Every structure is written in C-alpha cells, then in structure tokens.
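For reference, the chains in residue letters:
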Amino acid sequence: MRTRFFLAPAVAAAVIAACNSSGVIGPSNQLQVTNAADDFQFQVSKLAKVSQTLQYTWTNTGDSANVNQASALTAGAATLTIRDPAATVVYQADLTKNGTFHTAKATTGAWTIEVNLANVNGVVNFRVQKAP
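Residues numbered from 1 in each chain as written. Predicted model: local features only at pLDDT ≥ 70, side-chain atom pairs only at ≥ 80, totals over all residues. Heavy atoms only, no water.

Within the protein chain, the secondary structure is distributed over one helix and seven strands. The order of α-helices and β-strands along the protein chain, N terminus first, is α-β-β-β-β-β-β-β. Per-residue burial for the protein chain yields a buried fraction of 33% across its 132 residues. Within the protein chain, contacts between residues separated by at least 24 positions form 70% of all contacts whose residues are at least 6 apart in sequence. Approximately 7400 Å² of the protein chain is accessible, and the part contributed by carbon and sulfur atoms is 55%. (Helix = DSSP H or I, 4+ residues; strand = E, 2+ residues; numbered from the N terminus. Buried < 20%, exposed > 50% of the residue type's maximum accessible area, 1.4 Å probe, protein only. Contact = heavy atoms within 4.5 Å. Areas by Shrake-Rupley, 256 points an atom, 1.4 Å probe, with all protein chains shown as cover.)

Written out as structure tokens, the structure is:
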C-alpha cells in the first residue's frame, strides 16, 4: 500500500503536466470542424505554440472548390493543402493569407484536406466549398 500511495501522486503529476503542456490542440482551443458533402469548415482558437497536422477526407461532388481563408496568426506557420482523389495537390496556401481563392480543377470524389500547424499562435479559420 505504501508504494501505491507514493506512486499515485507522481503519476498524477505527470498526467497533469502532460495535459497542461502546449503543442497540440486541446479542449480549450475549441476546435470546430464541419465536414459535409460540398462544404467543409474548420476553426480553432487560442492556439499557443501548437505543432500538429490534421487530415480529413472530404466529399466534393464538383470538379473544383472555393477556399475562404480568415485566420489571425501571431506566430508560427500554418499551411492548408487540398488533394483530389488521385492525391494530386489542387491547392496549397499559407493560412496567414486571407481571402477567397480557387482550387485547380480535378475529379469529383473523396478529396483530402490537410492542415499543418508549426509552432502556431492565434486563430485558424477557413472554409472549402464546391465551386458553382
């Protein structure tokens, strides 16, 4: 029992330290992802030195998409990469550049959306929609 008593606080301290460390997205970052056919939305806030790559499969019934970027980064680098079903890059951009952009034309189907964060502080916000 005595060993268990002394190990428990040490284990608890390690778990608390791991939960409080920055580096990956956690509950306090309020990650919101909407992944519906022809409409993908991504927002995450209160980032502090986050380095992480997130990847999603998104259904696009069109041959291209419009990308609206509206991020507010104060440090680090954030890149959005979109690939068509053949894994060809149809869009890649720095998420510090805000505005509406257009992907290259490709085939319909399961596209891949990848967000790469490297030591990022701030808010990342973008939307990808099937182009009319």
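With that settled, consider the side chain of T81. When you line up the elements, T81 lands in strand β4 (residues 72–83). Looking at T81, its side chain comes within polar contact range of the side chain of Q92, at 2.9 Å. Excluding anything up to four places from it in sequence, T81 contacts V89, Y91, Q92, T112, I113 and E114. (Polar contact = N/O pair within 3.5 Å; in protein donor to acceptor, adjacent residues only side chain to side chain.)

Take the environment of K46 next. Within the secondary structure, K46 sits in strand β2 (residues 39–60). With relative accessibility at 55%, the residue K46 sits in the exposed group. Separated by 21 residues in sequence, K46 and I25 place their C-alpha atoms 9.3 Å apart.

Scanning the entire structure with this criterion turns up three salt bridges. Between D63 and K105 there is a salt bridge, with the nearest N and O atoms lying 3.4 Å from each other. Of the two residues, D63 sits in the loop between β2 and β3 (65–69) while K105 sits in the loop between β6 (99–102) and β7 (109–130), which places them 42 residues apart along the sequence. On the accessibility criterion, K105 (62% relative accessible area) is exposed. E114 serves as the salt-bridge partner of R83, at 3.7 Å between the closest nitrogen and oxygen. Note that R83 is positioned in strand β4 and E114 in strand β7, a separation of 31 residues in sequence. (Salt bridge = Lys/Arg side-chain N within 4 Å of Asp/Glu carboxyl O.)

Attention shifts here to the confidence of the model for the protein chain. Averaged over all residues, the pLDDT of the protein chain equals 87, while 83% of them reach at least 70. Taken as a whole, residues 1–21 scores under 50 in pLDDT and shows zero contacts with residues more than four places along the chain or in a different chain. (pLDDT = per-residue confidence, 0-100.)

Moving on, we get to the nonpolar core. Ranked by internal contacts, the top residues of the largest apolar core, which has 28 residues, are F42, L80, I82, L117, V124, F126 and V128. Among the elements of the structure, β2, β3, β4, β5 (89–94) and β7 are those that each provide at least two residues to this core. Setting aside anything within four residues of it in sequence, one finds F42 in contact with L31, Q32, V33, L54, Y56, V115, V124, N125 and F126. (Core = buried A, V, L, I, M, F, W, Y, C linked by side-chain atoms within 4.5 Å.)

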